[in-house]
Amino acid sequence: MDIVREIALKTLYKIDKEEAYSNIALDENIKESKNKLDDRDIGFISEIVYGVTSWKLTLDEMIKKYSKLRLKKISPWILNILRMGIYQIVFLDKVPKSAAVNESVNLAKRYGHKGSSNFVNAILRKIEKKDYESFFEIENSIERISKTTSMPVWIIEELLKQNDEKKVEEICKASNIKPNVTIRVNQLKTNKRELENLLNERSITFKEGKFEDFLILEKIKNIEQLDLFKQGYFTVQDEGAGLIVQILDPEPNEVILDACSSPGGKTTYMAELMKDKGEIIAWDLHPHRVQLVTANAKRLSIHIIRTECQDATIYREEYREKFDKILLDVPCLGIGVLKRKPDIKWKRKPEDIEEITQIQQKILEICSKYLKPNGKLVYSTCSIFREENDDIIEKFLKENQNFEYLKIKMPKITNSVENMGKIQLYQNDETDGFFICELQKK
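So, a few notes on the structure that sits alongside this text. Please read these numbers as outputs of a predicted model, since none were measured by experiment.

1. What about the pairing of strand β14 (residues 434–441)?
Within β14, 8 of the 8 residues are buried, which leaves the element mostly enclosed by the surrounding structure. Neither face of β14 is exposed, since Phe434, Ile436, Glu438 and Gln440 on one face and Phe435, Cys437, Leu439 and Lys441 on the opposite face are all buried. When strand β9 (residues 371–381) meets β14, the two strands line up antiparallel, connected through 6 bridges. By the bridge assignment for β14, threonine 381 is matched with phenylalanine 435.

2. As for the pattern of salt bridges
Note that side chains of opposite charge can pair when their charged atoms are close. Under the defined criterion, the tally for this structure stands at 42 salt bridges. We note a salt bridge from arginine 5 to aspartate 2, for which the minimum N-O separation is 2.4 Å. An identical accessibility class is assigned to arginine 5 and aspartate 2; each is buried. Glutamate 61 is the salt-bridge partner of lysine 64, the closest N and O atoms lying 3.1 Å from each other. With lysine 64 and glutamate 61 both in helix α4 (residues 56–66) and 3 residues apart, the pair spans about one turn of that helix. Judged by its relative accessible area of 46%, lysine 64 falls in the partly exposed class. Because the salt bridges share partners, they merge into one network encompassing Glu279, Arg306, Glu308, Arg316 and Glu318.

3. So, the packing of helix α14 (residues 239–248) against helix α15 (residues 265–273)
Contact pair α14 / α15: the axes reach a minimum separation of 10 Å and the direction vectors enclose 45°. Considering their axes alone, α14 and α15 lie oblique with respect to each other. α14 and α15 meet at a crossing whose hand is right-handed. Between α14, through Ala241, Gly242, Ile244, Val245, Gln246 and Leu248, and α15, the contact on the second element is made entirely by Lys266, Tyr269, Met270 and Leu273.

4. So, the packing of aromatic side chains
Taken as a whole and assessed by the stated rule, the structure comprises 19 aromatic pairs. Here the aromatic rings of phenylalanine 214 and tyrosine 269 are separated by 5.9 Å at their centres, their planes lie at 85°, and the arrangement is edge-to-face. Taken together, the residues span a long stretch of sequence, with phenylalanine 214 in strand β3 (residues 214–217) and tyrosine 269 in helix α15 at a distance of 55 residues. Exposure class is identical for phenylalanine 214 and tyrosine 269. Each is buried. Arranged with centres 5.8 Å apart and planes meeting at 15°, the rings of tyrosine 315 and tyrosine 370 form a pair that is stacked. You can see tyrosine 315 sitting in the loop between β7 (305–309) and β8 (323–329) and its partner tyrosine 370 sitting in the loop between α18 (352–367) and β9, a full 55 residues away along the chain. Overall, tyrosine 315 belongs to the partly exposed group, its relative accessible area being 28%. Connected via pairs of aromatic rings, a cluster forms that spans Trp55, Tyr87, Phe91, Tyr132, Phe135 and Phe136.

5. A few points about a positive patch on the surface
Side chains of Arg40, Lys94, Lys219 and Lys221 sit close together on the surface and give a patch of like positive charge. Mapped onto the fold, arginine 40 is located in helix α3 (residues 39–54).

6. Quick word on unusual backbone geometry
The general pattern is negative phi for most residues beyond glycine and trans for most peptide bonds. A cis amide bond, omega 5°, links serine 262 with the succeeding residue proline 263. Checked against the element boundaries, proline 263 lands in the loop between β5 (255–258) and α15. Despite not being glycine, serine 150 has its phi angle at roughly 60°, a positive value. One non-glycine residue, asparagine 374, adopts positive backbone phi at about 70°. Mapped onto the fold, asparagine 374 is located in strand β9. For asparagine 374, a relative accessible area of 56% gives the class exposed.

7. Section: the environment of aspartate 352
Turning to its location among the elements, aspartate 352 is positioned in helix α18. Here the alpha-carbon distance between aspartate 352 and leucine 333, two residues 19 residues apart in the chain, equals 7.7 Å. Those residues within four positions of aspartate 352 in sequence are excluded, and the remaining contacts are Leu333 and Lys347. In this structure the side chain of aspartate 352 is engaged in a polar contact, spanning 2.8 Å, whose partner is the backbone nitrogen of lysine 349.

8. A closer look at α3
End to end, α3 covers 22 Å across 16 residues, agreeing with the expected 22 Å (1.5 Å per residue, within 8%). Of the positions making up α3, those classed as buried are Ile42, Gly43, Phe44, Ile45, Ser46, Glu47, Ile48, Val49, Gly51, Val52, Thr53 and Ser54. In this structure, the buried side of α3 is in contact with α1 (3–17), α2 (22–32), α4, α5 (76–91) and α17 (344–347). Between the side-chain oxygen at the start of α3 and the backbone nitrogen of arginine 40 there is a gap of 3.1 Å, and the oxygen is on aspartate 38.

9. Quick look at the nonpolar core
Across soluble globular proteins, nonpolar side chains have a tendency to be buried as a group. Among the nonpolar cores identified, the biggest contains 47 residues, and Ile45, Ile48, Met62, Ile81, Met84, Ile86 and Val120 are the most heavily contacted of them. For this core, the secondary structure elements donating two or more residues are α1, α2, α3, α4, α5, α6 (97–111) and α7 (114–126). A total of 9 residues in this core trace back to one element, the largest contributor, which is α5. Ignoring any residue separated from it by four or fewer positions in sequence, one finds isoleucine 86 in contact with Leu59, Met62, Ile63, Phe91, Leu124 and Ile127.

10. Digging into the sheet that holds strand β4 (residues 234–236)
Across the sheet, which stays open at both edges, the 4 strands sit in the order β2-β3-β1-β4 with antiparallel pairing between neighbours. Both outer strands of the open sheet, β2 (206–208) and β4, are each paired with one neighbouring strand and no more. Neighbour-to-neighbour, the strand axes of this sheet turn through a mean angle of 35°, independent of strand direction. Examined bridge by bridge, strand β1 (residues 181–185) and β3 share 4 bridges and lie antiparallel to one another. Within the sheet, the bridge partner assigned to threonine 182 lies in β3 and is isoleucine 216.

The rules behind the values
- Residues numbered from 1 in each chain as written.
- Predicted model: local features only at pLDDT ≥ 70, side-chain atom pairs only at ≥ 80, totals over all residues.
- Heavy atoms only, no water.
- Buried < 20%, exposed > 50% of the residue type's maximum accessible area, 1.4 Å probe, protein only.
- Helix = DSSP H or I, 4+ residues; strand = E, 2+ residues; numbered from the N terminus.
- Pairing = 2+ DSSP bridges.
- Salt bridge = Lys/Arg side-chain N within 4 Å of Asp/Glu carboxyl O.
- Axes fitted to C-alpha atoms, helices over the stretch in contact; angles between N-to-C directions.
- Parallel < 35°, antiparallel > 145°, perpendicular 65-115°, else oblique.
- Left-handed = near helix turned anticlockwise from the far one by under 90°.
- Contact = heavy atoms within 4.5 Å.
- Phe/Tyr/Trp six-rings, centres within 6.5 Å; stacked < 30°, edge-to-face > 60°.
- Patch = residues over 30% accessible without salt bridge, like charges linked within 9 Å, V, L, I, M, F, W, Y side chains within 5 Å.
- Areas by Shrake-Rupley, 256 points an atom, 1.4 Å probe, with all protein chains shown as cover.
- Lys, Arg positive; Asp, Glu negative; His and termini not counted.
- Charge placed at Lys NZ, Arg CZ, Asp CG, Glu CD.
- Polar contact = N/O pair within 3.5 Å; in protein donor to acceptor, adjacent residues only side chain to side chain.
- Expected span 1.5 Å × (residues − 1).
- Core = buried A, V, L, I, M, F, W, Y, C linked by side-chain atoms within 4.5 Å.

Have a look at this one:
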């Protein structure tokens, strides 16, 4: 039995049936068999899990073409074996079709019965790359984009409200790009040149990021097990997330609120830019998520972060006009980070928009009261829906005329030099999708 494909199968089953997050389920299953796996094995397992999760809609369309059984009638184990087999045949050139078919049949024997293995064998032998290519000939544009990019129709329809068809197709294609591993240098412990030398000593290849504090690592596995990570020399962070902090522009000796801080990537970046001088109050709703911020601060040797388990939608009078700057990286649907968290596509529903926007509006309304006069507030999401972004800000400004947009001086990660206080990044091969808005209290 191929243990590598079996671990991938168990992970996919956990994501589907237990609604586990793909990254957490993958980490747990790899740890259980870590002694039996090398880096190449772990890379292949990750490829299968993220690939099948990303392309699930498209893979299922190909199963429907050749299966007399409806998908709901197929055992979850066998369905995922089929998805894995088709993903390898259609999307992985390095895997011979014969190997993909044979290993899938072996898995079906173990996780089904004789009929199951015959069923898997019959379907996979018919599958060809042209089965995917045929989706590009679909005339209906929404259906074509959905099946060629594996994107739920409702997300495409939502994006079409604010973008033309060509732009929507680009956004959906980008959601399947393999993301870069981008790291942020911890200037409190080291500097970029020293870290580059340390990476070279460990034969880890990298290239420059767009920002001074960032590097893009190539072909890195198990990054959190690297000694340099454990020693706090760097943090894993997308440059789009770093841009949010750069726009807030935290300075030494300021008092800053990060109202939705976990896991602490932006919180710790603020502290590094403040040279660990001043005070950052970091909130999150759940104790275990607050602990992630504390652990990150400790690893990076940061001392100015004070964590609290706090619901940002509940007003606290003692914080009224206390803060020089406030970061509101609010909970969102996460449609801007699908290339890192592909399972979000299948967990979110259209009705979630109303629920999440009510929370976002309340957090902004409540936390704005904590800002000092002339203070700066940055509102951000990793989403690309107008309802979660522009609409929230416009409603807030209409009801709070003591706030106004603050012009953003744009770093080189974007094409513009400056704008009227808000920007929308869409996911591409360099960054995730983010909305960032900067406001000032008059």
